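Each chain is listed here by its residues.
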Amino acid sequence: MSHVFPRHTKASLPTASHGEGCYLYDTNGKQYFDGSGGAAVSCLGHGDPEIIEAVQKQLSYLAFAHTGFFTSEPAEQLAELLAKHAPGDLDRVYFVSGGSEATEAALKLARQYHVENNEPQRKHIIARRQSYHGNTLGVLAAGGNQWRRQQFSPLLIDVNHIAPCYEYAEKRDDENSYDYGQRVAQELEDEILQLGPDTVIAFIAEPIVGATLGAVPPVDGYFKRIREICDKYGVILILDEVMCGMGRTGPMFACETEGIIPDILCIAKGLGAGYQPIGAMICSSKLYQTIKDGSGYFQHGHTYIGHPVACAAGLAVVNAILEKGLLPRVEQMGNLLRSELQSSLAQHPNVGDIRGRGLFAGIELVADRERKTPFESSCGVASKLKSSAFEHGLICYPMPGTRDGKSGDHVLLAPPFITSATQVGEVVEKLTLAVNEVCG
Ligand SMILES: Cc1ncc(COP(=O)(O)O)c(C=O)c1O
């Protein structure tokens, strides 16, 4: 009998034994293509000898030194590398152990910045519906997914939610993409004015919405307008690139495509690529300087922040992404993935939309293509798709609740950056089998 408290107590899972390249294997010898990197984590695939060596080497020198007493070489080097590649004046890196810790730290830094900037009256956070920023209470409150929030709602801080930028389902027929983006971005200004222009701490959003919408990129001009509004009212812009950052969409950071620079950028997943748990919050020099010139102390911290082994893994991962030319490869393989998905699935009567950027692709499944009507949630399309694909040896990331936290289904693909053209074909073939099996 197992004593592990699993995610699902009624599911019986195979035991993973090892990984190699884009594949994971279970103890029965079954092979699985890791088409979603778990949840957009394993960007370098499995068993990468260089990352393993970097981790082992660091362990042999220094496994742990508390950041209350020491800094460490891997933390210094990784921070320098990230600051060098991050856009604009994002140049101070606060290391944590995962995505929720990164977004949680960002919300607290944003609040402390205003307090130290003599604006303690700023108390509101604005986020978007159908977003996900993590599962700890602070960021669960920021997230806009009803299903994830519901039973914990008595414990959640008040966060105001505006519309996402979700063109496929929410653009009106009488407007073009650009106008749609401007309309939904305007909701931010309206909300700020409603709450009181000098009472808002921050706006948090995923540049490309991952888990809750299925790789939905913004329309042109949306984030430029968001940046303008934040600047106008002194609202801190936090971009959550926990899933879509670290090269997943082509450039190192997804916001580069939007041509904007946030005040705080959150990363995780692909930063450690699964070799170590690590996340980070990168903030602008303006925010950092305010804390430095003020209290000199960000009132936050966890035991494992800046963990030397995690930072050594992150350093090796970022170097591999840069030195092996993986960013252009993400773009090239991403284009191939979407074009093969189009050829194989675009005509399927239950495929409503195929979207994404780089090696971050989403497919929305619908009951009626013409009307874009989602399946009834009782059909359990997402969970059936996950089982069917897994049966066929494909790990992908389907989720229900795409439209409103309840109805709607999508599947997310986030294969390793080392995926070959032949393997793109394998992913599409296996996913098509699963879609046909579940939707008929
Ligand atoms: C955009 C986004 N933010 C935050 C998180 C939370 O990250 P973690 O699960 O590492 O705490 C996730 C996880 O899926 C995510 O996709």
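What counts and how
- Residues numbered from 1 in each chain as written.
- Predicted model: local features only at pLDDT ≥ 70, side-chain atom pairs only at ≥ 80, totals over all residues.
- Heavy atoms only, no water.
- Helix = DSSP H or I, 4+ residues; strand = E, 2+ residues; numbered from the N terminus.
- Rg over C-alpha atoms; globule rule 2.2 N^0.38 Å.
- Buried < 20%, exposed > 50% of the residue type's maximum accessible area, 1.4 Å probe, protein only.
- Contact = heavy atoms within 4.5 Å.
- Pairing = 2+ DSSP bridges.
- Near = heavy atom within 4 Å.
- Polar contact = N/O pair within 3.5 Å; in protein donor to acceptor, adjacent residues only side chain to side chain.
- Areas by Shrake-Rupley, 256 points an atom, 1.4 Å probe, with all protein chains shown as cover.
- Nonpolar A, V, L, I, M, F, W, Y, C, P; charged D, E, K, R; others polar.
- Domains from an automatic or database assignment.
- Buried area = accessible area lost by both parts, 1.4 Å probe.
- Salt bridge = Lys/Arg side-chain N within 4 Å of Asp/Glu carboxyl O.
- Core = buried A, V, L, I, M, F, W, Y, C linked by side-chain atoms within 4.5 Å.
- Axes fitted to C-alpha atoms, helices over the stretch in contact; angles between N-to-C directions.

1. Regarding the overall build of the protein
- For the protein, the helix and strand inventory stands at 15 helices and 15 strands.
- The C-alpha radius of gyration of the protein comes to 21 Å, within 12% of the 22 Å expected for a compact globule of 440 residues.
- Across its three principal axes, the protein shows a C-alpha extent of roughly 60 × 60 × 45 Å.
- When each of the 440 residues of the protein is scored for burial, the buried share is 56%.
- Of all intrachain contacts in the protein linking residues separated by at least 6 positions in sequence, the fraction that spans at least 24 positions is 73%.

2. Points about the pairing of strand 15 (residues 409–413)
- Burial analysis of strand 15 places five of its five residues in the buried class, which makes it a mostly covered element.
- Covered by surrounding structure in strand 15 are Asp409, Val411 and Leu413 together with His410 and Leu412, the residues of both alternating faces.
- As judged from the five bridges shared by strand 12 (residues 360–365) and strand 15, these two strands associate in the antiparallel manner. By the bridge assignment for strand 15, Ala361 is matched with Leu413.
- Where strand 14 (residues 397–400) meets strand 15, four bridges bridge the pair, whose relative direction is antiparallel. Directly across from Tyr397, in strand 15, lies its bridge partner Leu412.

3. Some remarks on the sheet that holds strand 1 (residues 16–20)
- Spatial ordering of the open sheet is given by 1-2-3-13, a layout of four strands whose pairing is mixed. Edge positions in the sheet fall to strand 1 and strand 13 (394–395), since each of these pairs with one other strand and no more.
- For strand 1 and strand 2 (residues 23–26), the ladder comprises four bridges, and the chain directions are antiparallel. Within strand 2, the position partnered with His18 by the bridge is Tyr25.

4. With respect to the environment of Ile395
- Relative to the assigned elements, Ile395 resides in strand 13.
- Judged by relative accessible area, which is 15%, Ile395 ranks as buried.

5. Overview of the site of the ligand
- Taken together, the residues surrounding the ligand are Gly98, Gly99, Ser100, Tyr132, His133, Gly134, Glu206, Asp240, Val242, Met243 and Lys269.
- Here a nitrogen atom of the ligand sits 2.7 Å away from a polar atom, N or O, in the side chain of Asp240.
- Contact distances for the ligand include 2.8 Å between an oxygen atom and a side-chain N or O atom of Lys269.
- Here the ligand has 390 Å² of accessible area as a free molecule, and 82% of this is covered by the chains.
- Taken together, the residues of the shell around the ligand sort by class into three nonpolar, five polar and three charged.

6. Some points on the domain arrangement of the protein
- Segmenting the protein into domains produces domain 1 (16–48 + 325–439) and domain 2 (52–323).
- For domain 1 versus domain 2, the distance between C-alpha centres works out to 25 Å.
- At the junction of the two partners, domain 1 supplies 39 residues and domain 2 supplies 41 residues.
- Summing the contributions of domain 1 and of domain 2, the shared interface buries around 3,200 Å²; its carbon and sulfur component is 58%.
- Considering only the surface of domain 1 that becomes buried against domain 2, Leu327, Arg357 and Phe360 emerge as the three largest contributors, covering 23% of it.
- Here domain 1 and domain 2 share one salt bridge between them.
- The closest approach of N and O atoms between Arg357 and Glu258, which form a salt bridge, is 2.8 Å.
- Listed by contribution, the elements that provide at least two residues to the side of domain 1 that touches domain 2 are helix 1 (37–40), helix 13 (326–345), strand 11 (351–357), strand 12, strand 14 and strand 15.
- Residue composition of the side of domain 1 that touches domain 2, grouped by class: 18 nonpolar, 13 polar and eight charged.

7. Regarding the nonpolar core
- Ranked by internal contacts, the top residues of the largest apolar core, which has 99 residues, are Leu82, Phe95, Phe203, Phe253, Leu341 and Leu431.
- Taken together, domain 1 (16–48 + 325–439) and domain 2 (52–323) each give at least three residues to this core, which thus spans both.
- Sequence-distant contacts of Leu341, that is, excluding residues within four places in its chain, are made with Ala346, Ile354, Ala361, Ile363, Leu413, Val428 and Leu431.
- The next biggest cluster of nonpolar side chains, apart from the first, holds 32 residues, and it includes Ala105, Tyr113, Ile201 and Val242.

8. Some details on the sheet that holds strand 4 (residues 90–96)
- The strand order 4-10-9-8-7-5-6 describes an open sheet built from seven strands, whose pairing is mixed. Single-partner strands in this sheet number two, and they are strand 4 and strand 6 (160–162). Going across the sheet, the axis of each strand differs from the next one's by a mean of 20 degrees, ignoring polarity.
- Bridge count for strand 5 (residues 124–128) against strand 7 (residues 200–205) is three bridges, and the pairing is parallel. Directly across from His124, in strand 7, lies its bridge partner Val200.

9. Some words on the pattern of salt bridges
- Considering all chains together, one arrives at 17 salt bridges under this definition.
- The closest approach of N and O atoms between Glu175 and Arg172, which form a salt bridge, is 3.8 Å.
- Accessibility expressed as a relative area gives 43% for Arg172, which makes it partly exposed.
- Glu189 is the partner of Lys232 in a salt bridge, and the nearest nitrogen-oxygen pair spans 2.8 Å. Remark: Glu189 occurs in helix 8 (residues 177–195) and Lys232 occurs in helix 9 (residues 222–233); sequence separation between them is 43 residues.
- Three or more residues joined by partner-sharing salt bridges are found here, namely Arg172, Asp174, Glu175 and Arg183.

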